[in-house]
Amino acid sequence: MPKPVERVDRLRAAARRRTAYQQAWDALGSRIRVFVSSSQYSTVRPRIHLADLAQ
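Bear in mind the structure is a predicted one, so any value in this text is a computation, not a measurement. (Residues numbered from 1 in each chain as written. Predicted model: local features only at pLDDT ≥ 70, side-chain atom pairs only at ≥ 80, totals over all residues. Heavy atoms only, no water.)

So, on to the overall build of the protein chain. Helix and strand counts for the protein chain stand at three helices and zero strands. Each helix and strand of the protein chain, ordered N terminal to C terminal, gives the series α-α-α. For the protein chain, the proportion of its 55 residues judged to be buried stands at 2%. With the model as given, the accessible surface of the protein chain reaches about 5,500 Å², and the carbon-plus-sulfur share is 57%. (Helix = DSSP H or I, 4+ residues; strand = E, 2+ residues; numbered from the N terminus. Buried < 20%, exposed > 50% of the residue type's maximum accessible area, 1.4 Å probe, protein only. Areas by Shrake-Rupley, 256 points an atom, 1.4 Å probe, with all protein chains shown as cover.)

A few words now on the confidence of the model for the protein chain. Taken over all residues, the pLDDT of the protein chain has a mean of 79, while the share at 70 or more is 65%. Averaged pLDDT values for the elements of the protein chain fall to 61 in helix α2 (residues 41-44) and rise to 91 in helix α1 (residues 4-28). (pLDDT = per-residue confidence, 0-100.)

What follows is the structure, given as structure tokens:
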């Protein structure tokens, strides 16, 4: 069983990684395009607005 200090160190490292991933997502998330396959269009058509996708 790991010592409490080692566990706290691992938790802090995990929190730093999470922060780094969140910063990357915040920077790149708005640049990711929405992809709708033509075979799925009939099922998602009521939920999306094509003019919004074009922007």
